[in-house]
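# Summary of the model geometry
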Amino acid sequence: MMRKQNLKRTLLAAFTALFIVAGLMGCSKKNDPGPGSGNGFKTTDIQISNIVAEQEGAGGQVHVSYDVKNVSGKDMVVYSPFDILWTVKTTDGTLYQQERSVAALKKDAVSPDDVWISVSAGKVADLSTLKYEVLLDE
């Protein structure tokens, strides 16, 4: 009777270990092109154009509208590995920023987008200092 219980425990432990190992092997990152891998894209694969910016009153938000184009020559599948970091300075030199994710785009596709950059009350944005940086999730 004791041998059957030991055999059952041993088999249960062996199957549990087997399932854990199989599960870990299935989670291999080697072939996983998910977020964080960049999926072979470079920051130069995104083109920003038609930038229009305006401040909604002193101390209001700066609204920036723009177009995003995938110039990589390949489709972004399911997700985009890109973010855009927008920065603007106020007339007193204070730097404000806002990050915006890029939606997945087919090759050569263009998507209009916009971002709101919050500025403290009473501050006036110097729109000539508006800049962006394309960031790649890695």
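Report on the accompanying structure. Just so it is clear, the model here is predicted, and its values are computed rather than measured.

### Details of the overall build of the protein chain
The number of helices and strands found in the protein chain is one helix and six strands. Written out in order from the N terminus, the α and β elements of the protein chain read α-β-β-β-β-β-β. Within the protein chain, buried positions represent 28% of all 138 residues. If you sum the accessible surface of the protein chain, you get close to 9,100 Å²; carbon and sulfur atoms cover 56% of it.

### Things to note about the packing of aromatic side chains
Taken as a whole, this structure holds three aromatic pairs when the rule is applied. Ring centres 5.3 Å apart and planes at 45° place the aromatic pair Trp86 and Tyr132 in the tilted group. On the criterion of sequence distance, the pair formed by Trp86 in strand E3 (residues 82–90) and Tyr132 in strand E6 (residues 125–136) is long-range, its members being 46 residues apart. Since its relative accessible area comes to 0%, Trp86 is described here as buried. Linked through ring pairs, Tyr66, Trp86 and Tyr132 together constitute an aromatic cluster. The lysine or arginine in question, Lys74, covers the ring of Phe41, its NZ or CZ lying 4.7 Å from the ring centre.

### Some details on the sheet that holds strand E2 (residues 61–70)
If you trace the three strands from one edge of the open sheet to the other, you get E1-E2-E5, paired in antiparallel fashion. This sheet does not close on itself; its edge strands, each paired only once, are strand E1 (46–55) and strand E5 (110–118). Ignoring which end each strand starts from, the neighbouring axes of this sheet average 20° apart. Where E1 and E2 come together, eight bridges link them in antiparallel fashion. Residue pairing in the sheet places Gln55 in a bridge with Val62 of E2.

Criteria and cut-off values
- Residues numbered from 1 in each chain as written.
- Predicted model: local features only at pLDDT ≥ 70, side-chain atom pairs only at ≥ 80, totals over all residues.
- Heavy atoms only, no water.
- Helix = DSSP H or I, 4+ residues; strand = E, 2+ residues; numbered from the N terminus.
- Buried < 20%, exposed > 50% of the residue type's maximum accessible area, 1.4 Å probe, protein only.
- Areas by Shrake-Rupley, 256 points an atom, 1.4 Å probe, with all protein chains shown as cover.
- Phe/Tyr/Trp six-rings, centres within 6.5 Å; stacked < 30°, edge-to-face > 60°.
- Lys NZ or Arg CZ within 6 Å of the ring centre and 35° of its normal.
- Pairing = 2+ DSSP bridges.
- Axes fitted to C-alpha atoms, helices over the stretch in contact; angles between N-to-C directions.

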